[in-house]
Amino acid sequence: MKKKPKNMKEELNLYKDEVYFLNKSGKLIKISIETLEDYNHLKYSLHHYIPYSVYIKNENWFKERGIKQKLILVSKILHEHIHNQGVKPLSDEEFENRYKISRWNLIFNRKYSTY
């Protein structure tokens, strides 16, 4: 099965009831974003809790376990840190100290995420 390319407009439409913002206290706050024009793309990214390619290959596995896809509006730098990219990757402990939330609450991982 060939994976279809990610289209963020379609993704936002699919998950518009599951869009969150990570505040400075490390809490995920439900927000409303109707279109891709509703946020500044220079400062923020819409991040998939379950990586897009993982979700579309295993959609039934997630549904059977009641694990929902969600989009999280995060700063560009935070987005890099979630994925351990960028100039200085953070350990899990450094990540949690800086952002006041576990990385595994922002990106699904079968080993570390709670489900």
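What you see is a predicted model; the values in this text were computed from it and never measured.

A. Inspection of the nonpolar core at higher detail. Core analysis: the biggest nonpolar cluster contains 27 residues, and Leu46 and Phe95 have the highest contact counts within it. Elements with a minimum of two residues in this core: strand S1 (19–22), helix H3 (59–64), strand S4 (71–75), helix H4 (76–82) and helix H5 (92–99). No other element matches the 4 residues that S4 contributes to this core. Excluding anything up to four places from it in sequence, Phe95 contacts Leu78, His81, Ile82, Leu90, Lys100, Ile101, Ser102, Arg103 and Leu106.

B. Geometry of the sheet that holds S1. The mixed open sheet is built from 4 strands, whose spatial order is S2-S1-S4-S3. Every interior strand has two partners, whereas the edge strands, strand S2 (28–30) and strand S3 (44–48), have only one. Pairwise comparison of adjacent strand axes, ignoring direction, gives a mean angle of 35 degrees for this sheet. Sheet topology note: the S1/S4 ladder contains 3 bridges and is parallel. Along S4, the bridge assignment pairs Phe21 with Leu73.

C. Molecular detail of the environment of Phe95. Looking at the secondary structure, you find Phe95 in helix H5. Classification of Phe95 as buried rests on a relative accessible area of 0%. Residues Phe95 and Leu78 lie 17 residues apart in sequence; the distance between their C-alpha atoms is 9.3 Å.

The rules behind each value
- Per-chain numbering applies: the sequence of each chain, read as written, is numbered from 1 onward.
- Given that this is a predicted model, residues contribute local features only at a pLDDT of at least 70 and side-chain atom pairs are listed and counted only at 80 or more, while totals for whole chains, interfaces and linings are drawn from all residues.
- With hydrogens and water set aside, each side-chain value is computed from the structure's full complement of heavy atoms.
- Here, nonpolar core refers to any group of buried Ala, Val, Leu, Ile, Met, Phe, Trp, Tyr and Cys residues whose side-chain atoms link them within 4.5 Å.
- With a 1.4 Å probe rolled over the protein chains alone, any residue whose accessible area is under 20% of its type maximum counts as buried; one over 50% counts as exposed, and the rest are partly exposed.
- Secondary structure is summarised from DSSP: a helix means a run of H or I of at least four residues, a strand means a run of E of at least two, and numbering begins at the N terminus for each.
- Contacts: residue pairs with any heavy atoms within 4.5 Å of one another.
- A pair of strands is labelled paired if DSSP reports no fewer than 2 bridges between them.
- Structural elements are reduced to axes, namely lines fitted to C-alpha atoms, with helices fitted over the stretch in contact, and the angle between N-to-C directions of any two is expressed from 0 to 180 degrees.

None of the figures reported here should be taken as evidence of function without further support.
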